[in-house]
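Spelled out, the chains give:
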Amino acid sequence: MTNIPNQWTPRAYQRNLYNNFGYGFQHQRASWIVHRRAGKDSTALNLTARDMFRRIGTYWHLFPEQTQARRAIWNGIDRQGRRIIDQFLPPDVRQRASGNEMLIEATNGSVWQMAGSDNYDSLVGSNPVGVVFSEWALANPAAWDYIRPILLENDGWALFITTPRGRNHAYQTHMRALKSDRWFAETLTVNDTGVLTEAHIQQERDDGMSEAKIQQEYYCSFEAETDEQFMPTAPVMAAMREEVGVNPTDPLVLGVDVARFGDDKSVLRFRRGRDARTIPPQKFEKIDTMQLAARVAEAIQRENPDAVFVDEGGLGAGVVDRLHQLNFHQVQGVNFGSSSDYRVDGAPKCVNKRTEMWAAMRELIKAGMMIDSDPVLSYELLAPTYSYDKNNLIQLEKKEDMRKRGLKSPDDADALALTFAYPVQPYSMQQRHEQQQEPYDPFRRAS
């Protein structure tokens, strides 16, 4: 019978994963970030074939989409002109094969099957002991939440292979892997593998590939901007290190993003001109509107902001109403979905208010702004993408669409964006004094 792996030997840069991950090894989870055209899937397939004959069980290879799985692997041809499935599982080690199911059963009873992470629940009822998530950065992250308990119960392994696509769920997976002894984590760029030369990279530049795309695809940069990324990376990174002069007469603005769902946070963010760093943010989980209104009221009394902009969509309307009852007149509700006020030559440029606020925030960050060196904030600022609607208006990615990509709601960044809702003039000191004559009681009834 054919030896496994069949007519395949791991290259030098593939050996670390091949020799340290899988059945019988310490590492049962792996995040393998490798540049384009370095044989990620080939390594994963041959590693899987090896383990199929070490431990009898079901093994899955999941691409982002079902059709992509069929095209790339099941019907794919390798560089030597061989069918890919014939190379890693040759006919004489098969008991049966099903093209409709993209399934191969080995002679020892192990089963290998392909599917799309967009259709992972079609495999319900199976009990995999090894799963490869190919192009994880483009896959449906819900697939991992579905599969994880199965692998935990049967001591199975999971291998995530991808090139970066910004700071999305694949970035989060890799960051967790780097911090855990249970995970194998490795990043391999063209400088590490030697597969491609600088001449190859230059050819890609000459053929029109953007520098950001080159950094992403060949140098495995999570920081490189995707073509659809709304907030540029370099200014955000600079803003965390920036030291700019602050005008104490600039208005102080408070933005309040109100949590809508169980895992979301309500966030309070202050900004005075270009300074969003001096006053620390406040973040709250699982508090009701009355409790949040009390927290906002306390912050208003403590910091005396000139304006307070509260996301009034959903539960936020209750927070706005309560603060108005308490006579905080500088509080104004902001509807993220309302029409944008920004015009150029009388014509709108943004689909809605939320996009407008993010655009204003982006311009000040690019012009020089101080934000705290918080990885959560930088991640949230860089995560959303953008598109254009049928009227050629800019549309910031919706929160629900971010969740579909496995990203959490950017509550912290939205709170900061709210400080850009409207132009603000400072209250006079007399107005502030008059407003604060009566001590604040968060439990008093409105008259």
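Here the structure is shown first, and the text comes after it.
Residues numbered from 1 in each chain as written. Predicted model: local features only at pLDDT ≥ 70, side-chain atom pairs only at ≥ 80, totals over all residues. Heavy atoms only, no water.

### What about the packing of helix H11 (residues 289-303) against helix H12 (residues 316-325)?
Two packed helices can be described by the angle between their axes and the distance between those axes.
Then step 1. Contact geometry for H11 and H12: axes closest at 9 Å, N-to-C directions at 50°. As summarised for this structure, H11 and H12 are arranged oblique, according to the angle between their axes. Here H11 runs over H12; the crossing is right-handed. When H11 is examined against H12, the residues Thr 289, Met 290, Leu 292, Ala 293, Val 296 and Ala 297 are found in contact with a partner set consisting of Val 319, Arg 322 and Leu 323.
Then step 2. For the contact of H11 with H12, the residue count by class is seven nonpolar, one polar and one charged. (Axes fitted to C-alpha atoms, helices over the stretch in contact; angles between N-to-C directions. Helix = DSSP H or I, 4+ residues; strand = E, 2+ residues; numbered from the N terminus. Parallel < 35°, antiparallel > 145°, perpendicular 65-115°, else oblique. Left-handed = near helix turned anticlockwise from the far one by under 90°. Contact = heavy atoms within 4.5 Å. Nonpolar A, V, L, I, M, F, W, Y, C, P; charged D, E, K, R; others polar.)

### Description of the pairing of strand S7 (residues 157-162)
Then step 1. Most of S7 sits out of view: six of its six residues are buried.
Then step 2. Burial of S7 is two-sided: the residues Trp 157, Leu 159 and Ile 161 facing one way and the residues Ala 158, Phe 160 and Thr 162 facing the other way are all buried.
Then step 3. Bridge count for strand S1 (residues 29-34) against S7 is five bridges, and the pairing is parallel. The residue bridging Ile 33 from the neighbouring strand is Thr 162, located in S7.
Then step 4. As judged from the five bridges shared by strand S6 (residues 128-134) and S7, these two strands associate in the parallel manner. Bridge assignment links Gly 130 to a residue of S7, and that residue is Trp 157.
Then step 5. The parallel pair S6 and S7, bridged by helix H5 (residues 142-154), forms a crossover whose chirality is right-handed. (Buried < 20%, exposed > 50% of the residue type's maximum accessible area, 1.4 Å probe, protein only. Pairing = 2+ DSSP bridges. Right-handed = clockwise from strand over helix to strand, strands pointing away.)

### A few points about the nonpolar core
Then step 1. Counting residues in each nonpolar core, the largest one holds 36 residues, and the members touching the most others are Leu 17, Trp 32, Ile 73, Leu 89, Trp 112 and Leu 159.
Then step 2. Examining the composition of this core, we find that five residues originate from one element, helix H2 (residues 40-52), more than from any other.
Then step 3. Counting 33 residues, the second-largest nonpolar core is a separate cluster that includes Val 236, Met 237, Ala 307 and Met 361. (Core = buried A, V, L, I, M, F, W, Y, C linked by side-chain atoms within 4.5 Å.)

### Observations regarding the sheet that holds strand S3 (residues 94-98)
Then step 1. With respect to topology, eight strands assemble into an open sheet ordered S3-S4-S5-S2-S6-S7-S1-S8, the strand pairing being mixed. Edge strands, defined here as strands with exactly one partner in the open sheet, are S3 and strand S8 (183-188). In this sheet, neighbouring strand axes are inclined to one another by 10° on average, regardless of whether the strands run parallel or antiparallel.
Then step 2. Here H2 sits on the sheet and contacts S1, strand S2 (58-63), strand S4 (103-106), strand S5 (111-116), S6 and S7; the angle it forms with S7, its principal contact strand, is near 165°.
Then step 3. Strands in contact with H5 are S1, S2, S6 and S7; relative to S6, the strand with the most contacts, it is inclined by about 150°.

### Observations concerning the packing of helix H13 (residues 353-367) against helix H16 (residues 411-418)
Then step 1. Viewed as axis vectors pointing N to C, H13 and H16 meet at an angle of 80°, and their least axial separation amounts to 8 Å. As the angle between them shows, H13 and H16 are arranged roughly perpendicular. Where H13 abuts H16, its residues Arg 354, Met 357, Trp 358 and Met 361 lie against Ala 413, Asp 414, Leu 416, Ala 417 and Leu 418.
Then step 2. Its residues assigned to classes, the contact of H13 with H16 shows seven nonpolar, no polar and two charged.

### What about the pairing of S3?
Then step 1. Direction of pairing for S3 relative to S4: antiparallel, over a ladder of four bridges. Bridge pairing in S4 places Arg 96 opposite Glu 105.
Then step 2. Hairpin connection from S3 to S4: four residues lie between these consecutive antiparallel strands, with Met 102 at a positive phi of about 50°.

### Concerning the pattern of salt bridges
Then step 1. Inspection of the entire model under this criterion finds 23 salt bridges.
Then step 2. With a shortest N-O distance of 2.8 Å, Asp 78 and Arg 82 are connected by a salt bridge.
Then step 3. Accessibility expressed as a relative area gives 19% for Asp 78, which makes it buried.
Then step 4. With its nearest N and O atoms 3.0 Å apart, the salt bridge here joins Asp 414 to Lys 399. Residue Asp 414 is found in helix H16, and its partner Lys 399 is found in helix H15 (residues 399-404); the two are separated by 15 residues along the sequence. The same class applies to Asp 414 as to Lys 399, namely buried.
Then step 5. Each of Arg 269, Lys 283, Asp 372, Asp 374 and Asp 412 takes part in one network of salt bridges that share partners. (Salt bridge = Lys/Arg side-chain N within 4 Å of Asp/Glu carboxyl O.)

### Examining unusual backbone geometry
Then step 1. In the segment running from Ile 4 into Pro 5, the intervening peptide bond is cis, with an omega of 5°.
Then step 2. Considering the arrangement of structural elements, one finds Pro 5 in the segment before helix H1 (15-20).
Then step 3. Its identity as a non-glycine residue notwithstanding, Asn 304 has a phi of 55°, on the positive side.
Then step 4. Tracing the chain through its elements places Asn 304 in the loop between H11 and strand S13 (307-311).
Then step 5. Here the phi dihedral of Asn 327 falls at roughly 65°; this positive angle occurs in a residue that is not glycine.
Then step 6. Within the secondary structure, Asn 327 is located in the loop between H12 and strand S14 (331-334).
Then step 7. What makes Asn 327 partly exposed here is its relative accessible area of 41%.

### Side note on the packing of aromatic side chains
Two descriptors summarise a pair of aromatic rings, namely the distance from one centre to the other and the angle between the planes of the rings.
Then step 1. Taken as a whole, this structure holds 16 aromatic pairs when the rule is applied.
Then step 2. Plain terms: the ring middles of Trp 144 and Phe 160 are 5.1 Å apart, the flat faces sit at 90° to each other, and that makes the pair edge-to-face. Here Phe 160 lies in strand S7 and Trp 144 lies in helix H5, a separation of 16 residues in the sequence.
Then step 3. Take Trp 144: its relative accessible area is 6%, and that puts it in the buried class.
Then step 4. We classify Phe 160 as buried; its relative accessible area is 1%.
Then step 5. One aromatic cluster is present, formed by Phe 133, Trp 136, Trp 144, Phe 160 and Trp 183 through successive ring pairs.
Then step 6. The ring of Phe 420 has Arg 271 sitting right over it, with the charged end atom 3.8 Å from the ring centre. (Phe/Tyr/Trp six-rings, centres within 6.5 Å; stacked < 30°, edge-to-face > 60°. Lys NZ or Arg CZ within 6 Å of the ring centre and 35° of its normal.)

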